[in-house]
Amino acid sequence: MPENKASVSVFAGPTSWIESDAVDQCHQVAALDGMLHVAGMPDLHPGKGAPIGAAMASTVLYPFLVGSDIGCGIAVFPIGLKRAVPEKLAARFPDLDTALDPERDADDPAWAVLDGDIPGGHTEGLGTVGRGNHFVELARIGTVLDGAHADRLGLAAGDLVLVVHSGSRGLGERILRAHTEVHGAGPAADPAAYLAAHDDAVRWGSLNRRLMAARVAHALGAEPTEPIVDQCHNLVEVRDGVYLHRKGAAPGDGQDVLVAGTRGTPSYLVAAHAGPEANHSVAHGAGRKMSRADALRRGKAKHTVEELRRTPVGSVVVCGDRQLLFEEAPTAYKRIEQVIGDLVEHRLATPVATTVPLVTYKTPEAGSAPQRDRPDHRGRRFSR
């Protein structure tokens, strides 16, 4: 253990739900060689070997601190729809478990968002959302909290947006496995080589969010748009010669960030302005307060599947995986209002607007017809 342990700061109020195990993990990370400062966000919770909701600055690069889903992030896309009836639109969402194949699906209109080559040459899983806490959500802008920032983003109350949360779909896992099979939780032996692969995964995750947004837009009869927000929260940034590892923490130095709530609560668009004491980072979401096993056990005792398909805000949940429906229930997460309040209290971000869910897509409904058998709104057959 190094003689001088790194500093640890947790940006949460005294009433915030922060598990002692997560704080302990922050201190364990602080004891690593080369570590300078660990900043825990208000959505901090325990992870596998390292905390989630933390930004960790070090002179040494540790791939395990970023984890396997390199490039995971959240993007926000404006979408123009004449009417937004959740039940009708939920039935039109495409199957985002079925990947786009560059050859088989070469004529799919979603490919228009691809500019150049596919990062890393990784063609598996393109246009798919994955599992866990990943989602694609149609939402409306609820309360505008800062008019100037909202105007800058081109948003007004009542506007519709697509919120896409997903990562590198196997590419990041492959990169981490290649490291851990040789070095375990140790530092990167060749930081430049790791960063080159890492950067491919970050670009791949961003492309994948664009592909999914395009797939959904076309399925709903709208034209795809460019994202107004696209921030990765699992990555390494080289900043002033220091490796800034973010695991479930979004870049907060002058960036716009969507801090995700749950499928039954609003999310918050914020203008982030975090400084060095927070490792230039902000929270990425509400953060879990229950393990998946606890959420499954407690949820089954309190709710039926049908109850969970409708949320307190009146939105519809598309999820054919019943276990995931319980694991990702809104009660499994911290209160998003508390997380945002902590960001404001510590002067890390300014809330801009809320997004209120209309349709939250997790997995296709059981028994739904494959999308390649359905014509799209242009009369062209989807081949996916």
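The rules behind each value
Residues numbered from 1 in each chain as written. Predicted model: local features only at pLDDT ≥ 70, side-chain atom pairs only at ≥ 80, totals over all residues. Heavy atoms only, no water. Helix = DSSP H or I, 4+ residues; strand = E, 2+ residues; numbered from the N terminus. Rg over C-alpha atoms; globule rule 2.2 N^0.38 Å. Buried < 20%, exposed > 50% of the residue type's maximum accessible area, 1.4 Å probe, protein only. Contact = heavy atoms within 4.5 Å. Areas by Shrake-Rupley, 256 points an atom, 1.4 Å probe, with all protein chains shown as cover. UniProt positions renumbered as here; feature names shortened; annotations may be inferred. Core = buried A, V, L, I, M, F, W, Y, C linked by side-chain atoms within 4.5 Å. Phe/Tyr/Trp six-rings, centres within 6.5 Å; stacked < 30°, edge-to-face > 60°. Lys NZ or Arg CZ within 6 Å of the ring centre and 35° of its normal.

What the chain contains, in helices and strands, is ten helices and 15 strands. Rg of the C-alpha trace for the chain: 20 Å, near the compact-globule value of 21 Å for 384 residues, within the 12% margin. The principal-axis extent of the C-alpha atoms belonging to the chain is close to 65 × 45 × 45 Å. Taken across its 384 residues, the chain has 56% of its residues classed as buried. Of all intrachain contacts in the chain linking residues separated by at least 6 positions in sequence, the fraction that spans at least 24 positions is 78%. Entry remark: accessible area of the chain is about 15700 Å², with carbon and sulfur atoms responsible for 50%.

Following the sequence through the fold, I79 ends up in the loop between β4 (73–78) and α3 (86–90). Along the chain, I79 and A213 lie 134 residues apart, while their C-alpha atoms are 9.3 Å from each other.

A few words now on the UniProt feature "binding site: GMP" (unreviewed entry) in the chain. Cross-referencing UniProt, the feature "binding site: GMP" (unreviewed entry) maps to N133, H134, F135, V136, E137, H233, N234, S267, H284, G285, A286 and G287 in the present numbering. With respect to the helices, strands and loops of the structure, H134 is situated in the loop between α3 and β5 (135–144). With a relative accessible area of 9%, H134 lands in the buried category. In contact with H134, other than residues within four places in its own chain, are D69, C72, V129, H165, S166, G167 and K362. The topology assignment puts V136 in strand β5.

This part is about the nonpolar core. Burial of nonpolar side chains together is a common tendency in soluble globular proteins. One finds V259, V282 and L343 to be the most contacted residues of the largest nonpolar core, which totals 29 residues. Those elements that provide at least two residues to this core are β2 (35–45), β3 (52–58), β9 (242–247), β10 (249–251), β11 (253–259), β12 (267–273), β13 (281–283) and α10 (336–345). A per-element tally of this core places α10 first, with four residues. When near neighbours in sequence (up to four residues on either side) are disregarded, L343 contacts P42, V259, V282, A283, L348 and A349. Core analysis: the next-biggest nonpolar cluster, separate from the first, contains 25 residues, I79, L138, L162 and V316 among them.

Each aromatic ring pair is summarised here by two numbers: the centre-to-centre distance and the angle between the ring planes. Within the structure shown, the criterion is met by two aromatic pairs. Relative to Y361, the ring of F93 has its centre 6.0 Å away and its plane inclined at 10°; by these criteria the two rings are stacked. Highlighted residues: F93 in the loop between α3 and β5 and Y361 in strand β15 (residues 349–361), separated in sequence by 268 residues. Taken as a pair, F93 and Y361 share a single burial class, namely buried. Over the ring of Y333 we find R288; its NZ or CZ atom is 5.1 Å from the centre of that ring. Lying over the aromatic face of W17, K289 brings its terminal NZ or CZ to 5.0 Å of the ring centre.

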